[in-house]
Amino acid sequence: MEEDVETRKINSSFLRDHSYATEADIISTVEFNHTGELLATGDKGGRVVIFQREQESKHQPHRRGEYNVYSTFQSHEPEFDYLKSLEIEEKINKIRWLPQHNAAYFLLSTNDKTVKLWKVSERDKRPEGYNLKDEDGRLRDPSMITTLRVPVLRPMDLMVEATPRRVFANAHTYHINSISVNSDYETYMSADDLRINLWNFEITNQSFNIVDIKPANMEELTEVITAAEFHPHHCNTFVYSSSKGTIRLCDMRASALCDRHAKFFEEPEDPSNRSFFSEIISSISDVKFSHSGRYIMTRDYLTVKVWDLNMENRPIETYQVHDYLRSKLCSLYENDCIFDKFECVWNGSDSVIMTGSYNNFFRMFDRNTKRDVTLEASRENSKPRAILKPRKVCVGGKRRKDEISVDSLDFSKKILHTAWHPSENIIAVAATNNLYIFQDKVN
């Protein structure tokens, strides 16, 4: 995906006008399913919106790839913990799909405390001709039933239903930041600031604690868990990242409680770059295994790093996302932007990586050619089927016509959440309350 990227945009608030967007409309997670036919978004209002890809028709072959709203449902509601006098917000932190095994789709969604397993299924027939109740559902007088009817299925308009099949609650003291489905598809894990729990999909009333970094005395707390993910092929292996910029790889075969890691990935700090903000900007906001399972990608505030599982002492690749912000860290600290948690994603072949930045910019890095590009997701430059032009940020000196000055970047417009189609060059980019779909140029 280089510069010839075609753009299309879907508004995440589906039937809402952009000008009336509220805090609840802000997209908080984006995820393609395993085939790429469905795309789910979660928002701060606790809603999940699922988009479905258009099937190709003979009359409109170019419409293949357009995503339209398939289903919308309220996944989480605001709650209140009366024991701790704490409000639990409904914001969807993460969505993870399960592989499809029948006509229905299954996905996990989580807020700060509760994980839910949802079944999304279609209905295009309805039963008619009951014996004990009439067409409105009211019970009939048994004395009036004189003949036996055989119920039949009649066609009806297609209806997409979302039903909660499991609710996994009361297992996290702190806020859940990650969920990850295991490759055995029988278990998944949920991670909060200090603990990681392993769940079986069939058992909701108990989970197994596999990581616990909570010190006996909370005053001795020096780091928290920021993200966690299972290996894509080995069901016993997982990684978790920390606020200290380290990654631990654990093997569940070694012990029940993975308090001793199998591998520890950390890059030695360059003393010349040491500053007041070093610890904050080294905190890892996202960790992702490559599809092959050979590499791990991590995102911290200024960089994306790729680690080889066989080399723990330093990353094999480091990509600068927005190094021009290094001189702005003081003001970014004052407006709290320095604590923003950017995600990162691989393309289907692990050859390109993508992550977000400010001013509605997002970055792509080609691992083979070492070329990179900055693109912008915004209403102004995203007319359907338009070509995206690369953007450049001017750091100092004379600014060219097509460049944007680092001082005029809008830090309220940030791309934290992105997703890449598992097999094609189609990406989804969440910019506040808008969802943009981009794809390779189709001739």
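Residues numbered from 1 in each chain as written. Predicted model: local features only at pLDDT ≥ 70, side-chain atom pairs only at ≥ 80, totals over all residues. Heavy atoms only, no water.

In the annotation of an unreviewed UniProt entry, the protein is listed under the name Serine/threonine-protein phosphatase 2A 55 kDa regulatory subunit B and assigned to Apteryx mantelli.

## A look at the pairing of strand E10 (residues 115-128)
One ladder, built from 6 bridges, connects strand E9 (residues 105-110) with E10; its direction is antiparallel. Looking at E10, one finds that Tyr-105 is bridged to Val-120. Taking the residues between adjacent antiparallel strands as the criterion, E9 and E10 are bridged by 4 residues. Sheet topology places E10 next to strand E11 (residues 152-168); 13 bridges connect them, and they run antiparallel. For Arg-126, the partnering residue across the bridge sits in E11 and is Arg-154. (Pairing = 2+ DSSP bridges. Helix = DSSP H or I, 4+ residues; strand = E, 2+ residues; numbered from the N terminus.)

## Here we look at a nonpolar patch on the surface
Taken together, the side chains of Phe-276, Tyr-333 and Phe-339 present a nonpolar region at the surface, about 330 Å² in accessible area. By secondary structure assignment, the location of Phe-276 is in the loop between strand E19 (263-265) and helix H1 (278-282). (Patch = residues over 30% accessible without salt bridge, like charges linked within 9 Å, V, L, I, M, F, W, Y side chains within 5 Å. Areas by Shrake-Rupley, 256 points an atom, 1.4 Å probe, with all protein chains shown as cover. Salt bridge = Lys/Arg side-chain N within 4 Å of Asp/Glu carboxyl O.)

## Here we look at the sheet that holds strand E3 (residues 38-43)
With respect to topology, 4 strands assemble into an open sheet ordered E2-E3-E4-E5, the strand pairing being antiparallel. For this open sheet the edge positions go to strand E2 (27-32) and strand E5 (67-74), each flanked by a neighbour on one side alone. Averaged over all pairs of adjacent strands, the angle between strand axes in this sheet comes to 20°, irrespective of strand direction. Pairing of strand E4 (residues 47-53) with E5 involves 7 bridges; the strand directions are antiparallel. Note that in E5 the partner of Val-48 across the bridge is Phe-73. (Axes fitted to C-alpha atoms, helices over the stretch in contact; angles between N-to-C directions.)

## Focus on the layout of surface pockets
Roughly 1,200 Å³ of volume is contained in the largest pocket. Together, 48 residues line the largest pocket, and Lys-91, Phe-339, Lys-341, Leu-416 and His-417 are the ones closest to its centre. Elements represented by at least two residues in the lining of the largest pocket include exactly E2, strand E8 (94-97), strand E12 (176-181), strand E16 (225-230), strand E20 (286-289) and strand E32 (426-431). Partitioned by chemical class, the residues of the lining of the largest pocket number 15 nonpolar, 14 polar and 19 charged. Of the volumes computed, that of the second largest pocket is approximately 870 Å³. Around the second largest pocket, the lining is made up of 34 residues, and of these Glu-31, His-34, Arg-96, Glu-229 and His-291 lie nearest the centre. Those elements that place two or more of their residues in the lining of the second largest pocket are E2, E8, E12, E16, E20, strand E24 (344-346) and strand E31 (417-420). Among the elements that take part in the lining of the second largest pocket, E2 stands out by supplying 4 residues, more than any other. Here the lining of the second largest pocket is built from residues that sort into 13 nonpolar, 14 polar and 7 charged. (1 Å grid on protein atoms, 1.4 Å probe; cavity = no way out; pocket = protein on both sides within 12 Å on 5 of 7 lines; lining within 4 Å. Points joined across faces, edges and corners; volume = space filled by probe spheres on them. Nonpolar A, V, L, I, M, F, W, Y, C, P; charged D, E, K, R; others polar.)

## Side note on the side chain of Asp-308
Note on placement: Asp-308 falls in strand E22 (residues 303-308). A polar atom in the side chain of Asp-308 sits 2.8 Å from the backbone nitrogen of Asn-310. The contacts of Asp-308, once residues within four sequence positions are left out, are Phe-265, Arg-294, Tyr-295 and Ile-316. (Polar contact = N/O pair within 3.5 Å; in protein donor to acceptor, adjacent residues only side chain to side chain. Contact = heavy atoms within 4.5 Å.)

## Regarding the packing of aromatic side chains
In the structure shown here, the tally under the stated rule is 22 aromatic pairs. With 6.3 Å between their ring centres and 90° between their planes, Tyr-70 and Tyr-105 make a pair best called edge-to-face. Placement of Tyr-70 in strand E5 and of Tyr-105 in strand E9 is noted, with a sequence separation of 35 residues between them. The same class applies to Tyr-70 and to Tyr-105, which are both buried. Ring centres 6.4 Å apart and planes at 85° place the aromatic pair Trp-97 and Tyr-105 in the edge-to-face group. Each residue in the set Phe-168, Tyr-188, Trp-199 and Phe-201 is aromatic and connected to the rest through ring pairs, giving one cluster. (Phe/Tyr/Trp six-rings, centres within 6.5 Å; stacked < 30°, edge-to-face > 60°. Buried < 20%, exposed > 50% of the residue type's maximum accessible area, 1.4 Å probe, protein only.)

## Re the pattern of salt bridges
Scanning all chains against the criterion turns up 26 salt bridges. Residue Asp-286 is joined to Lys-288 by a salt bridge in which the shortest nitrogen-to-oxygen separation is 3.1 Å. The class for Asp-286 is buried, based on a relative accessible area of 5%. Look at Lys-288 and you get buried, because its relative accessible area is 13%. The salt bridge partner of Asp-308 is Arg-294, with a shortest N-O separation of 2.7 Å. Note that Asp-308 is positioned in strand E22 and Arg-294 in the loop between E20 and strand E21 (295-299), a separation of 14 residues in sequence. Asp-308 gets classed as buried once you look at its relative accessible area, which sits at 10%. Arg-294 sits in the partly exposed class, given a relative accessible area of 39%. Salt bridges sharing common partners tie together Asp-25, Asp-43 and Arg-47.

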